[in-house]
Amino acid sequence: MIAFVLRRLVQSVVVMLAVAFVAFSLFTYVGDPIVGMVGQDTSIEQRDKLRQDLGLNDPFPVQFARFVGHAVQGDFGISYRLGQPVGHVILERLPATLELSLTAALLALGIGVPMGVYTGLHRDSWLSRLFLTVSLIGVSLPTFLIGILLIMVFSVWNLPFLPRLPSFGRGDVVALGWWTTGFLTASGLKALIMPSVTLGLFQMTLITRLVRSEMLEVMRTDYIKFARARGLPNRVVHFGHALKNTLVPVITITGLQLGSVIAFAIITETVFQWPGMGLMFIQAVSFADIPIMAAYLVLIAFFFVVINLVVDLLYYVVDPRLRADRAVASGHA
Amino acid sequence: MMRMRGALAGLVVACGLVAAGGAPAKTFRYATPADMRSMDPMALQETFTLATQGAVYEALVRTNAKLEFEPSLAVSWSQPSPTVWRFKLRPGVKFQDGAPFTADDVVFSFKRAAAEGSDVKPMIATVEDVKKVDDLTVDVVTKAPDPILISEIPFLYMMSKAWCEKNGAVDPVDVRKGKENFATTHANGTGPFILKSREVGVRTTFVVNPAWWDKPQHNLDEIVYTPIQNDSTRVAALLSGEVDMIEPVPAQDIDRVEHTAHRKVLQAPELRTIFLGMDQERAELTDSDVKGKNPFKDLRVRQAFQLAIDRELIQRQIMRGASHPTTLMVGPGINGYNPALDKPNKADAAKAKQLLAEAGYPEGFSVGLDCPNDRYVNDERICQAVTSMLAKAGIKVKLNAQTRAQWFAKILPRNTSFYLLGWTPATYDAHNTLVSIMVTPHSPEGTFNLGGYSNKRVDELTHLIQVEPDKAKRQAMIDEAFTIHRDEVGHIPLHQQALAWGIQDNVELVQLADDVLKLHWIKIH
């Protein structure tokens, strides 16, 4: 097991290197960071000197090698836009994104799985039809539109009976060491509602539909019939036998989706001015802030690798067959 | 007498307590798309960054509500000789950390502005040396007579020498050194507000400076600034009452904000002129189907372009009225602007076609247009309109609209045949536009004359204007230069875009054409 985890971590380094390589080969096309670094009255010579000193004229393999050389020492450089160390900027933004993504993922799971189970068991009830219609909206509406609609309804239109929610930002945060959390203040929790719903809606509908189709599949299998024949109560049949057997694909998809939730929080963060890494990345792109972009992409690659690793480990927990295979294999060795 | 004064003081304190207990603290909350880049006043010469730093920092001179220069940290100035400006400093001014403001700080700040990594060097390009005469007198020596020095330094902020030395911020931040600078996120000025907290890209808070030397024109206790990048979200924040002011209001939302109760849009022409430039330098255009010659070298072609573009249509359809169409390279509010010259021509596609035919292009020709899509108000849509207007005259424009970083990277090395650009003279003076955009390019002049427009007389006038102290003579020269440039169609000015600030109607503020929000003039009722 430990060897397996270690192997995966080594693979993650390869993945991160590959991502950084691709990123650097693309940086030639993002434009000229010098434009934003100096005012309009700065002369061409001074601009050229700055570009030369920053090594932006070097061929990309050289720039890439320099980046990797520094990165292995934990030095990701200094942001062209902010004049602050990249590591510092990312650490400052990381908590906002992780809190938002995890809340969105939990919302998606907490609502999506029960809805999927219900619609799978009661195919023709009107509530199932309602759930599926709603989930269709979640799949088909683009994220930014959902965000803007929520802002209209809960912030701008002063509707009776509805709570008023902040349209932007993270509210007040509490610092716990370098980590800042919005979970501990009322305004922080309020500010979290709309962005996390916006971000989680798509995953929620995906999980609902996935669980539903898996449930329909499983409920037709022989072992469910046998379970019923044994006179087991519905609760045990549905949740102990049926749901458990739908979980492997659900975990796979949820895991991969968590990666994309973190990576694609960009749109949600832009709509709600959520001060996370996605917003930071968008700002970096329009500025051609290469150090920030490089570090962000590498970090996201790392997240994907770690999440995949966790997903693989979870398979062992939920699927006894995998454990059995392993045991047999090691028994022969 | 003493007792009475004591009683009065007591009254004042009591009033203060009542105000503190009864009315909530007056907080002004505002939002713009992008955060100021640094608190270091020498880090970047950019309007919003410098304007916001103005809450904390002050310069020797400042502008009043009519954009005229008035004393700030200097009480008076004179020119004992043509190349020397003598500043008398305001006595009794203190930095926010309690240190007194003296001539040493002025000398230090000028030196820091000239140091490696400083981006405000162009402000003091003519300055040779700065000398302390006594604690409250400073001489600024210029390389040549510089009658407009005063107009170049209203954003040259004064920093405390002792504070910078103590915190290792003697030099401005330089990303090349790969080190952070204390002054990037901390500030210590003499101004009306104190930087209370700064979370970059999230929130910046200022509180009132009770020890400010000037009489406050504002009634604020606190200022909270939040960057909100997304247009819709920024408008929503104003409509929902979460902020008191946003800037800018996107053109498509102006009506909506106007029609919301207790919200207003303030509009005024901005100092920035948007114009088109043409490569008149190369023998052959890099981006055109005309080979072996450069059509833009022919005056008739440039005139045809000028005539083909319908500025009023752009104003009406794209800017929704929020612009000032012009054929002049500077707009109202700039020193040297002459309304008598500002008479846009009527569009005339037939005449344009005829001129093109006379120039030998009866079928027109094709040319690429380099345009930003995130730099100016409706920049890409303006370029699309220009494309279709020129199409009517037979010119096939290949529009290349890109993000500002890519667009700048292409046009700044002059790798362009036809481009859109905007310019705000940083000194509020026509000379800045002349020397940056209209003179024959030869470094450090003509940096943004990307099409290489060149006229000997304009070059000559530009240098005369720089040193001419007589206002009437200077204006005559400016008029002459701008008239030559217009008659030769050196560039094709389109308009000055309008500022659009959205506010709650209980906010009272002054909207200046230089797009600088003076935080210390804001009142909340």
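Counting secondary structure elements, chain A contains 14 helices and two strands. In chain A, which comprises 333 residues, the proportion classed as buried is 40%. In chain A, the share of contacts with a sequence separation of at least 24, taken over all contacts with a separation of at least 6, comes to 71%.

The interface is formed by 41 residues belonging to chain B together with 41 residues belonging to chain A. Looking at the side of chain B that touches chain A, the elements that each hand over two or more residues are α7 (231-239) and α13 (404-411) of chain B. Classifying every residue of the side of chain B that touches chain A by side-chain character gives 16 nonpolar, 17 polar and eight charged.

With that out of the way, let us pick up the domain arrangement of chain B. For interface size, the figure often reported is the accessible area lost on association. Residues and elements named next belong to chain B. Domain annotation of chain B identifies domain 1 (7-244 + 506-524) and domain 2 (270-498). Between the C-alpha centres of domain 1 and domain 2 the distance comes to 34 Å. In this assembly, 11 residues from domain 1 lie in contact with 13 residues from domain 2. Grouping the amino acids of the side of domain 1 that touches domain 2 by side-chain chemistry returns six nonpolar, two polar and three charged.

So, on to the environment of P210 of chain B. All names here are of chain B. Residue position: P210 is located in the loop between β9 (203-208) and β10 (222-227). On the neighbour-count criterion, P210 (7 C-beta atoms within 10 Å) is exposed. Between the C-alpha atoms of P210 and G360, which are 150 residues apart in sequence, the distance is 71 Å.

Generally speaking, a soluble globular protein has its nonpolar side chains buried in company with each other. Residues and elements named next belong to chain B. Core analysis: the largest hydrophobic core is formed by 220 residues, its most contacted members being A59, L156, I246, A304, A308 and V386. Each of domain 1 (7-244 + 506-524) and domain 2 (270-498) accounts for three or more of the residues forming this core. The contacts of V386, once residues within four sequence positions are left out, are L276, I309, L369 and V397.

Since the α-helix turns once every 3.6 residues, residues separated by three or four places project in the same direction. Residue and element names in this part refer to chain B. End to end, helix α3 (residues 103-114) covers 17 Å across 12 residues, agreeing with the expected 16 Å (1.5 Å per residue, within 8%). Of the residues making up α3, those classed as buried are D105, V106, F108, S109, F110, R112 and A113. In this structure, the buried side of α3 is in contact with β5 (84-89), β6 (127-134), β7 (137-142) and α5 (161-166).

Here we come to helix α14 (residues 430-438) of chain B. Residues and elements named next belong to chain B. Most of α14 sits inside the fold, with nine of its nine residues counted as buried. Here α14 has its buried residues at A430, H431, N432, T433, L434, V435, S436, I437 and M438. Turning to α14, the residues buried within the fold contact β16 (418-423), α15 (456-467) and α16 (471-487).

The next thing to look at is the sheet that holds β6 of chain B. Residue and element names in this part refer to chain B. Ordered in space as β4-β5-β7-β6, the four strands form an open sheet in which the pairing is antiparallel. Each end of this open sheet is capped by a strand with a single partner; those strands are β4 (74-81) and β6. Strand after strand, the sheet turns through a mean of 20° between neighbouring axes, direction not considered. As paired elements, β4 and β5 share five bridges and run antiparallel to each other. Each residue of the ladder has a partner; that of S76, found in β5, is K88.

What counts, and where the lines are drawn
- Residues numbered from 1 in each chain as written.
- Chains lettered and ligands numbered in written order.
- Predicted model: local features only at pLDDT ≥ 70, side-chain atom pairs only at ≥ 80, totals over all residues.
- Helix = DSSP H or I, 4+ residues; strand = E, 2+ residues; numbered from the N terminus.
- Buried ≥ 20, exposed ≤ 12 C-beta atoms within 10 Å, placed from the backbone.
- Contact = placed C-beta atoms within 7 Å.
- Nonpolar A, V, L, I, M, F, W, Y, C, P; charged D, E, K, R; others polar.
- Domains from an automatic or database assignment.
- Core = buried A, V, L, I, M, F, W, Y, C linked by C-beta atoms within 7 Å.
- Expected span 1.5 Å × (residues − 1).
- Pairing = 2+ DSSP bridges.
- Axes fitted to C-alpha atoms, helices over the stretch in contact; angles between N-to-C directions.

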